[in-house]
Every structure is written in C-alpha cells, then in structure tokens.
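So you can see what is in the structure, the chains are spelled out below.
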Amino acid sequence: MRTWALLAAVVAFAGCTEPRSKRCSDVCAREAACREETEAEDNFDEGECVDACAALERDTHTEGHVAAHADCVRTAADCAAVIACP
C-alpha cells in the first residue's frame, strides 16, 4: 500500500512541473558542453540555465533576447564563439 501511495505522490508531483523548452534545453546543453570542454572557471549549472531560460522565454519582454542568444549559440562555429554569445 505504501508503494502505491508513494508512486501516486511522484506521479502527481511530476504532473505539476512545467515541460522544458527544447530551445532552452538545446542551448544550455551546448553551453554546458563547451564550458566543460574549455574548462571554464565559472559555476555553470545546466539545469539552472534551462530554468532561467524558460522563464525568460515566457516573458514577452525578454523572449527576443532568448531567441537571439539561441541563434548565436546554434550558429557558433566553435566553443569560444558559444561562450562569447551575448
């Protein structure tokens, strides 16, 4: 019985979380890989990046900045260019 209650709680909690933006997931994954590859000294957290990106993406005032940054990361030729994206 406890197993079913725990499973029900996990399913209910999972239903409350917002789906992650593919654009944000892709951008943050590439940024994380580049920071790891170049051994950048900043404390980059891919999960925090996705959460912040998704929040900015939902705001009509900042969505354009997210789109421009995503385009920069997507078209960057190498990791130095990815890290330099505004």
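Note that the structure is predicted; figures quoted are calculated from it, not measured.

(A) Expanded view of the overall build of the chain. Of the regular secondary structure elements, the chain holds five helices and zero strands. The burial tally for the chain puts 23% of its 86 residues in the buried class. Considering only contacts within the chain whose residues lie at least 6 apart along the sequence, 58% involve residues at least 24 apart. Split by element, the accessible area of the chain, about 6300 Å² in all, is 59% carbon and sulfur.

(B) Just helix 4 (residues 63-75), in detail. In a regular helix each residue adds 1.5 Å, so 13 residues correspond to 18 Å; helix 4 covers 18 Å between its end C-alpha atoms and thus fits that length. Residues of helix 4 that are buried include every one of Val-66, Ala-67, Ala-70 and Val-73, and no others. Projection of helix 4 onto a plane perpendicular to its axis shows the buried side chains occupying an angular sector of 130 degrees, all on one side. The exposed set on the far side of helix 4, more than 90 degrees from its buried face, consists of His-65 and Thr-75.

(C) Highlighting the nonpolar core. Judged by nonpolar contacts, Val-27, Cys-34, Ala-70, Val-73, Ala-76, Cys-79, Val-82 and Cys-85 together constitute the single largest core of eight residues. For this core, the secondary-structure elements that each account for two or more residues are helix 2 (22-37), helix 4 and helix 5 (79-84). Those residues in contact with Cys-85 that sit more than four places away from it in its chain are His-69, Cys-72 and Val-73.

(D) Spotlight on a negative patch on the surface. Taken together, the side chains of Glu-36, Glu-37, Glu-39 and Asp-78 define an acidic patch exposed on the protein surface. Mapped onto the elements of the fold, Asp-78 is located in the loop between helix 4 and helix 5.

(E) Local environment of the pattern of salt bridges. As enumerated under the stated definition, the model contains five salt bridges in all. In this structure, the salt-bridge partner of Glu-63 is Arg-23, at a minimum N-O distance of 2.6 Å. Taken together, the positions of Glu-63 in helix 4 and Arg-23 in helix 2 put the pair 40 residues apart, joining distant regions of the chain. In this structure Glu-63 comes out as partly exposed when scored by relative accessible area, which is 28%. Where Arg-74 meets Asp-71, a salt bridge forms, and the shortest distance between an N and an O atom there is 2.8 Å. One end of the pair, Arg-74, and the other, Asp-71, are both in helix 4, three residues apart, so they sit about a helical turn from each other. Since its relative accessible area comes to 59%, Arg-74 is described here as exposed. A relative accessible area of 37% means that Asp-71 is categorised as partly exposed. When salt bridges that share partners are traced, they join Arg-23, Glu-57 and Glu-63 into one network.

Cut-offs used in this document
Note that residues are indexed from 1 along each chain, following the sequence as it is written. Local features in a predicted model are, by the rule used here, given only for residues with pLDDT of at least 70; side-chain atom pairs are given and counted only at 80 or more, and totals for whole chains, interfaces and linings are based on all residues. Side-chain metrics in this entry use all non-hydrogen atoms of the structure; hydrogen atoms and water are not considered. Going along the chain from the N terminus, every DSSP run of H or I of four or more residues is numbered as a helix, and every run of E of two or more is numbered as a strand. Buried, partly exposed and exposed residues are distinguished by accessible area as a fraction of the type maximum, computed with a 1.4 Å probe on protein chains only: under 20%, between the cut-offs, and over 50%, respectively. It only takes one pair of heavy atoms within 4.5 Å for two residues to be counted as in contact. Note on areas: these come from Shrake-Rupley sampling with a 1.4 Å probe, and a residue is covered only by the protein chains present in the view. One fewer than the residue count of a helix, multiplied by 1.5 Å, yields its expected span. It is the directions from the helix axis to the C-beta atoms whose arc is reported. To define a nonpolar core, start from buried Ala, Val, Leu, Ile, Met, Phe, Trp, Tyr and Cys residues and group those joined through side-chain atoms within 4.5 Å. To count toward a patch, a residue needs a relative accessible area over 30% and no salt bridge; like charges are then connected within 9 Å, while nonpolar side chains (Val, Leu, Ile, Met, Phe, Trp, Tyr) are connected within 5 Å. By convention in these notes, a salt bridge is any Lys or Arg side-chain nitrogen within 4 Å of a carboxyl oxygen on Asp or Glu. For this count, His and the chain ends are skipped, Lys and Arg are scored as positive, and Asp and Glu as negative. Note on charges: their place is set at NZ of Lys, CZ of Arg, CG of Asp or CD of Glu.

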